[in-house]
Amino acid sequence: MSKKILIIDDEPDLSALLSFRLEAHGFKVISALDGPTGLEKAKSDKPDLILLDLMMPGMDGFQAAKILKGDPETNEIPVIVFTAMASPELRQRVSEIRAFDYITKPFDPKDLLEKVKKALGGGDELRLGAGYTGS
Amino acid sequence: MTDKIINVAIIGAGEEAVPLIRTLTTLQNCKILGVADEKKDAPGLAVAGELGIKTYLDFRELLKQKELNLVIETSGSGSFASTLEKLVSPNVKIMDWASARLSLVLAEERERLLKIESSYKLTRRYSALLEEANTKLDGKLLELSLLNETSKSFSSAFDRRNVAGFIFSLLRKKIDFCVYALFLSEDQNYTLVLISNGSIPPELREEISLRMADRYAKYIKEPVDAKKVSIIEKIVQGPGKAEGLREPAIKNLCTAALAVLEKPLGMMGMVFCKEYNLTSDEERFFDILTGQVALFIENDRIKQAITHERNQLESILKSMFGALLVINEKRQLILINSVTEIFLGVKQGEILGRDLNEVILQDEIKELFHIIRAQRSEFFSKEIQLTNFQNGITRICKANLAKVHDHLGEVIGTVLILHDITKEKEVDRMKTEFISTTSHELRTPLASIKEAVSLIFDETAGEVNANQRKFLDIATRNINRLSELINSLLDLSKIESGKIELERSKVEINALVLEVVENFSRAAKEKKLALKISLAEGLPQVQADRSKINHVLTNLVSNAFKFVQAGTVTVSTGFYGADKNFIEVSVGDTGIGIEKKDFEKLFQKFQQLDSSLTRRASGTGLGLAISKQIVELHAGKIWAESEGLGKGSKFSFILPVIYEEAKMEKKNILVIDDEPDLCSTVKARLEANGFNVLTALSGQEGLDKVKEYKPDLIILDLMMPVMDGFEVCQRLKKDALTSAIPVVVLTALEQEEAAKKALSIGAEGYLVKPFEQESLLFTIREFLKRGD
């Protein structure tokens, strides 16, 4: 059975591009354009992985991640976050929300696929420190 | 009245004679030669005897007296009188008792009248004297009351022109002059104030001015040009009318110099337009007034100078945009400015002169004064948050404190200046936000472009032909270039706004070099360049931000690649500096080299050398600028060397080596105090705040534990038996192995002197018992921070 990936990102272009690539690699992809919709779909569709953009208007990625991790129905799903800026503070915050990993935009498709595979390959969410392969 | 004494003899000393005798005795011009009576027990004889008058039993004896002028016989018989006549010389008068009595009464009366007359004359003389004295006294009283009035008026704020008017009125009460002239000199500016009852004709004015200037010049022996004197005329309703003004010509000018302690202030004078001779009294009065006026003028001058200086100081204080607080050595607030009132919400009147500990003031402020007092160094700086008591406005302030010394070096107070940096902090925050927003806005569309291109390029969306691939390749390269540019710009803006924080860790330089070189090995092969490394052995690790140094090295190597057509790029590492306290990394190439004139431009932003050569090289011109910033943030240096065009170049940077052991997370504190209770409470408190605490109950035990455990900070009680805190401190500071450990001494309230002594032998700070746990924690954190 192919793995299901949920993309939560307010940028429709990027969402479409990512979906295309991931589907080409055999994943099933569903998407949501904002936090609340994303949370709904996470509960209803039970994806195997969530790709979450951090900078969104309204509910941002941090808030969405907190809710996901706080809800027993969704807290097991690994989350990879997208961000435009990598900084020490960011890394701190990302580890606080217990994301699996993060990817910076613009991203290297190879890098993205690697991380997705790792997240789905029975990887442990709580791999802080060693889990970070971001540069 | 004749002064001739009448000598009297009294014949017959019966009862009637007694009053006669007595009365005669009182008369000044009578002398009783004797009293005679044949009866021994005649009362008159007894009385005569009492009064010291000779008595005779035989009247004939008495009558023999040669000086006799008058005989009074009391028989009352005429025949006896004629008998007596025959017994005395013819010029002796015989008087009978009745006549005698009459004469007596007349004589008495006359005497009385004479006395009255003489006493009357005396009284008249005395009353004349009294009158004279009275007048004099009145005059004096008037003088005194006038002087009293003047000194009272002078001591209040009094305009100088009003002074002149006042003096005019005073003087006019006693002296009839026409014009009062007050000549004042102030730094070569001369003013002449003229006061009179009527207007002064111009010629008179001129003349007075000339004369006053002239006299003043003579007084100070320097020329004073009368034309330079500015004349102020005032007409005053004084007592009486100075009529002399109608014939304007100075008949007399009485002047007196105004001076205080030999410092000339001017002159004052009375102008007389008619003949007038001053009495000595009037002269004296004028003189006394002169002294008063001089004093007043000088006092006024001093007051003005003080007011001026105080206004200056106040203006300075007002225009200071910082808050200022000053305390003296007794911890009393002696100066605050208006900005302080605004920041803190207190009023000067409420807190000036009061003790710092008693007054109502923000805790943060009190804490600041407390800290600088407890430390040895002169200055202290901290960012604090302050909230105004009145209106609740909160500000972030930079606090700067400094100790103040007198000329002998004693601390006489502390100055605190606060600057409101709330706006700067806000701007900072806005910058950060801007960077983060821009970053997102630029990178997000770029991500989409890149991904879209990528999907086509790697044929996920279908086959592509050669041309399509070529164009997509171009697109990809430029996307990457754009991406790099955005990264560089954001990096630079972060560095410039101080937003970059280094994540330091222990870095093996050689390992890093190998990594970077590895990344370039393929590019080297493609460009047919030799990429060599020369790494020194035994290099210590450096504390550095690995990714940033990686960035720098990558930048240098990539630059080398850009500017080398054929040849070698060499990366080498080694020690730098005589003390080997730096590690040097160099990237050398055999490329186009750098001209001397271009060296300066190298590390500047957006500079690229000679566009013709760099057209082939890509780059933003930011790489070296960023590298320079990064290296300098590490307290290192970066530079370039080249022999000239075509002779290759070498770029090097150095990073400081820190040989110390890495800091442990938990700090160790040793408490040395002979009181076990204090040790345990302090230990409990500190451990609750994340410190490891050791205790020692004596000086010796303390020293042993210091050697054994090497704590990060020592808290040391001064008063201990056997070995006191001083000795412990001295020993610690003398020993090179322990001298760097900060020592905070504990001292009782009355023994601050002791604490200061401790500071002088090397202790870093002190705390006064009983101390708040907060103070203890704060002090410890401060000193630990400084040790880092």
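Everything quoted here is computed from the prediction, not taken from an experiment.

What counts, and where the lines are drawn
- Residues numbered from 1 in each chain as written.
- Chains lettered and ligands numbered in written order.
- Predicted model: local features only at pLDDT ≥ 70, side-chain atom pairs only at ≥ 80, totals over all residues.
- Heavy atoms only, no water.
- Helix = DSSP H or I, 4+ residues; strand = E, 2+ residues; numbered from the N terminus.
- Buried < 20%, exposed > 50% of the residue type's maximum accessible area, 1.4 Å probe, protein only.
- Contact = heavy atoms within 4.5 Å.
- Areas by Shrake-Rupley, 256 points an atom, 1.4 Å probe, with all protein chains shown as cover.
- Lys, Arg positive; Asp, Glu negative; His and termini not counted.
- Salt bridge = Lys/Arg side-chain N within 4 Å of Asp/Glu carboxyl O.
- Polar contact = N/O pair within 3.5 Å; in protein donor to acceptor, adjacent residues only side chain to side chain.
- Pairing = 2+ DSSP bridges.
- Right-handed = clockwise from strand over helix to strand, strands pointing away.
- Phe/Tyr/Trp six-rings, centres within 6.5 Å; stacked < 30°, edge-to-face > 60°.
- Buried area = accessible area lost by both parts, 1.4 Å probe.
- Nonpolar A, V, L, I, M, F, W, Y, C, P; charged D, E, K, R; others polar.

Novice: For the overall build of chain B, give the residues involved together with the corresponding values.
Specialist: Broken down by element type, chain B carries 22 helices and 27 strands. When burial is assessed residue by residue, chain B has 42% of its 788 residues classed as buried. If you take every contact in chain B between residues at least 6 apart in sequence, the share linking residues at least 24 apart comes to 63%. Of the roughly 43,600 Å² that chain B leaves accessible, carbon and sulfur atoms contribute 53%.

Novice: Which residues make up the environment of Asp187 of chain B, and what values go with them?
Specialist: Relative to the elements of secondary structure, Asp187 of chain B occurs in the loop between strand E6 (179-186) and strand E7 (189-196). Sequence separation of Asp187 of chain B and Leu265 of chain B is 78 residues, and the distance between their C-alpha atoms is 9.8 Å.

Novice: Account for the side chain of Asp9 of chain A, naming residues and giving values.
Specialist: Residue and element names in this part refer to chain A. Here Asp9 shows up in the loop between strand E1 (4-8) and helix H1 (12-24). Look at Asp9: it is buried, it has no salt bridge, and the nearest opposite charge is Lys105 at 4.1 Å. Within the structure, the side chain of Asp9 is placed 2.9 Å from the backbone nitrogen of Glu11, a separation counted as a polar contact. Residues contacting Asp9, with those up to four places away along its chain left out, are Leu14, Ala32, Leu33, Asp53, Met56 and Lys105.

Novice: Just give me the short version of the pairing of strand E24 (residues 692-696) of chain B, but keep the residues and values in it.
Specialist: Residue and element names in this part refer to chain B. Pairing of strand E23 (residues 668-672) with E24, which is carried by 5 bridges, proceeds in the parallel orientation. When the bridges of E24 are listed, Val671 appears paired with Thr695. Each parallel crossover has a hand, and for E23 linked through helix H18 (residues 676-688) to E24 it is right-handed.

Novice: Residue-level account of the packing of aromatic side chains, with values.
Specialist: All names here are of chain B. For the structure shown, the criterion picks out 12 aromatic pairs over all chains. Summarising the aromatic geometry, the rings of Phe177 and Phe272 are spaced 6.3 Å apart at their centres and angled 70° between planes, so their arrangement reads as edge-to-face. Here Phe177 is found in the loop between helix H6 (160-174) and E6, whereas its partner Phe272 is found in strand E10 (residues 263-272), with 95 residues between them in sequence. Accessibility assignment for this pair places Phe177 and Phe272 in one class, buried. Look at Phe603 and Phe651: their rings are 6.2 Å apart centre to centre, the planes differ by 65°, and that puts the pair in the edge-to-face class.

Novice: I'd like a description of the interface of chain A and chain B, backed by residues and values.
Specialist: Interface extent is often summarised as the accessible area lost during association of the parts. Taken together, the contact between chain A and chain B spans 18 residues of the former and 21 residues of the latter. Carbon and sulfur atoms make up 66% of the area that chain A and chain B hide from each other, which totals about 1,800 Å². Viewed at the interface, chain B and chain A are joined by 2 salt bridges. Two residues, Glu451 of chain B and Arg21 of chain A, come together in a salt bridge whose shortest N-O distance is 2.5 Å. Counting across the interface, chain A meets chain B through 4 residue pairs in polar contact (both at pLDDT 80 or more). Considering each element in turn, the side of chain A that touches chain B owes the most residues, 6 residues, to H1 of chain A. When its residues are assigned to classes, the side of chain A that touches chain B shows 12 nonpolar, no polar and 6 charged.

Everything listed here is a matter of geometry and, on its own, says nothing about what the molecule does.
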